[in-house]
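Given next are the chains, with one letter for each unit.
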Amino acid sequence: GIQVEQSPPDLILQEGANSTLRCNFSDSVNNLQWFHQNPWGQLINLFYIPSGTKQNGRLSATTVATERYSLLYISSSQTTDSGVYFCAVVLTGGGNKLTFGTGTQLKVEL
Amino acid sequence: DGGITQSPKYLFRKEGQNVTLSCEQNLNHDAMYWYRQDPGQGLRLIYYSQIVNDFQKGDIAEGYSVSREKKESFPLTVTSAQKNPTAFYLCASSVGRTGYLTGELFFGEGSRLTVL
């Protein structure tokens with residue numbers, strides 16, 4: 001099956017720092033989403049971004065489907081950004097199954 | 001407010017016991033899903049339902065059962081046949097049958113099950 005790898009697995013930042021999270025996938029996809037899971041377990045969708053670039057406040061994401069990766073940028077990080085960031089993909093021609101990566105655990109410190 | 005409510009948040013059970021996790025949504029969503037999350041891993045799909053009285057197995061359905069008698073409710077039973085039931089369980093719902101594909105996937109706060 002498709003492999004979805006995220007890096008780095010863990011990241012510690014000082015408040016105000018910027019960061020880039022990466023999602024690599026092993027096959028062609030027609031769907032990619034980024035999620036944030038807060039420290040209490042709640043997951044929310046950040047971006048639906050099968051290709052191109054999107055921005056939402058301090059967060060932005062870029063997907064280069066032809067090169068099989070996506071990047072999530074966090075600027076001016078805040079403690080509320082802490083948690084786990086997941087990317088999830090749907091394999092092209094593989095039905096509608098959403099496959100999640102293993103996540104990047106982010107901790108933002110004061 | 002509209003949303004997804006999971007209960008209980010924490011649950012302990014002894015080996016050999018069945019346990020049912022509740023998931024209720026008032027978003028009027030057609031589709032509902034159950035995911036399992038283990039430490040350091042992504043989410044894996046257990047079961048999903050796109051319409052009342054119909055549901056499909058996901059990737060790891062063995063040892064689990066579900067029902068969808070009402071649009072608002074999608075309970076998950078973790079049976080004694082599930083070999084490693086200790087995990088964090090997340091329920092989700094989406095608009096229509098394919099809403100989850102376009103980011104319209106909404107999650108509950110999860111239920112943490114520990115088998116003693």
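Before any of the text, the structure's been laid out above.
The sections below set out a description of the structure shown in this document. (Residues numbered from 1 in each chain as written. Chains lettered and ligands numbered in written order. Predicted model: local features only at pLDDT ≥ 70, side-chain atom pairs only at ≥ 80, totals over all residues. Heavy atoms only, no water.)

## Quick look at the pattern of salt bridges
All names here are of chain B.
Piece 1. Applying the stated criterion across every chain, the model contains 7 salt bridges over all chains.
Piece 2. A salt bridge links Asp30 to Lys71; the shortest N-O distance between them is 3.4 Å. You can see Asp30 sitting in the loop between strand S3 (19-25) and strand S4 (31-37) and its partner Lys71 sitting in the loop between strand S7 (64-66) and strand S8 (76-78), a full 41 residues away along the chain.
Piece 3. Here Arg44 ties to Asp38 by a salt bridge, and the two come within 2.8 Å at their closest N and O atoms.
Piece 4. A cluster of three or more residues bridged by salt bridges with shared partners is formed by Arg36, Asp38 and Arg44. (Salt bridge = Lys/Arg side-chain N within 4 Å of Asp/Glu carboxyl O. Helix = DSSP H or I, 4+ residues; strand = E, 2+ residues; numbered from the N terminus.)

## Describing the sheet that holds S3(B)
Adjacent strands of a sheet form backbone hydrogen bonds with each other and so pair up, either parallel or antiparallel.
Residue and element names in this part refer to chain B.
Piece 1. Ordered in space as S1-S3-S8-S7, the 4 strands form an open sheet in which the pairing is antiparallel. Two strands in the sheet have a free side with no partner beyond their single neighbour: strand S1 (4-7) and S7. Taken pair by pair, the neighbouring strands of this sheet meet at an average axis angle of 20°, ignoring direction. (Pairing = 2+ DSSP bridges. Axes fitted to C-alpha atoms, helices over the stretch in contact; angles between N-to-C directions.)

## Some details on the side chain of B:Gln82
Piece 1. Inspection of the secondary structure puts B:Gln82 in the loop between S8 and strand S9 (87-94).
Piece 2. On the basis of relative accessible area, B:Gln82 is assigned to the buried category, the value being 12%. (Buried < 20%, exposed > 50% of the residue type's maximum accessible area, 1.4 Å probe, protein only.)

Scope: geometric values only; no functional claims are made or implied.
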